[in-house]
Amino acid sequence: MDVLRVNDLTASYRKNKVLNDVSFNVEPGSLTSIVGPNGAGKSTLLKVMLELHPKLSGDVSFFGSTFNKMKTRVGYVPQRGSVDWDFPTDALDVVLMGLYGRVGWLKWPKREHRDKAMESLEKMGMADYAHRQISQLSGGQQQRVFLARALVQDADLYFMDEPLAGVDAATEQAIMTILNELKMMGKTVMVVHHDLQTVEDYFDHVLLLNRTVVAYGTTGDVFTKDNVYQTYGGTLRWMMEAVT
């Protein structure tokens, strides 16, 4: 069974259509990049699938069912720029938010929940910053904390919106190590990605998107100059040098 099935998904912002008849299926244990120019609908696609933004038409199924029934099996890391980093909380509490589905709203987390949260921070190299206010962390550190929050959910399908944007090289490698570990565990990961030069090195599948699906499949088959040119319209010529 496909982990995710998207059929003729269409959505808009105000009166501007940003997704048009988007269709694709995602197999389990894959690591997929979602690539396209600014305004292509990449972040909107994630939000519509997760019911954070309304759709105009189309269907999305998770593990053969609805998102509402399967949402405990889905993890999400939003763009770092969309988060209020001035909110007065520390790194450990941010990670614990990923366990609210198990803890229950308005209930105090137990020792076991805190241990799981600390374990996730440890995986991301952030255990020493557990009680540091998130506003005091660097951009890369904040991104590691948000990835730790997703990891603690122990989901089967992860959506990540540009987790590698604006991070240092060490954080980028730490994130990719975790994503590959998730893949080896049979988890499925979809990542909005902006750097064409690393697509072939980092991902086994790629979804080329510009309001509709230009191409989707294994990176070796789909990530070609012709497909990238069609996706970007040739406006970023230097990017073509990164594509074989």
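In short, a report on the structure. Source: prediction; values computed, not measured. (Residues numbered from 1 in each chain as written. Predicted model: local features only at pLDDT ≥ 70, side-chain atom pairs only at ≥ 80, totals over all residues. Heavy atoms only, no water.)

## Things to note about the sheet that holds strand 2 (residues 16–26)
Two pairing modes exist for strands in a sheet, parallel and antiparallel, and in both the strands are linked by backbone hydrogen bonds.
Here's step 1: Taken in spatial order, the 3 strands line up as 2-1-4 in an open sheet, and their pairing is antiparallel. Because the sheet does not close on itself, it has two edges, and the strands there are strand 2 and strand 4 (57–62). Strand-to-strand, the axes of this sheet are offset by a mean angle of 25°, without reference to chain direction.
Here's step 2: Judged from the 5 bridges that link them, strand 1 (residues 4–13) and strand 4 form a sheet pairing that is antiparallel. Within strand 4, the residue paired with L4 across the bridge is F62. (Pairing = 2+ DSSP bridges. Helix = DSSP H or I, 4+ residues; strand = E, 2+ residues; numbered from the N terminus. Axes fitted to C-alpha atoms, helices over the stretch in contact; angles between N-to-C directions.)

## Observations concerning the environment of E119
Here's step 1: Here E119 shows up in helix 5 (residues 111–123).
Here's step 2: Sequence separation between E119 and L151 is 32 residues, and the spatial gap between their C-alpha atoms is 9.6 Å.

## Examining the nonpolar core
Here's step 1: One finds L121, M124, V145, L147, M160, L179 and V189 to be the most contacted residues of the largest nonpolar core, which totals 35 residues.
Here's step 2: Elements supplying a minimum of two residues to this core: helix 3 (91–96), helix 5, helix 6 (139–151), strand 6 (157–161), helix 7 (169–184) and strand 7 (188–192).
Here's step 3: In terms of residue count, helix 6 provides more of this core than any other element does, 6 residues in total.
Here's step 4: Setting aside residues up to four positions removed in sequence, M124 forms contacts with R144, L147, A148, L151, I175 and I178. (Core = buried A, V, L, I, M, F, W, Y, C linked by side-chain atoms within 4.5 Å. Buried < 20%, exposed > 50% of the residue type's maximum accessible area, 1.4 Å probe, protein only. Contact = heavy atoms within 4.5 Å.)

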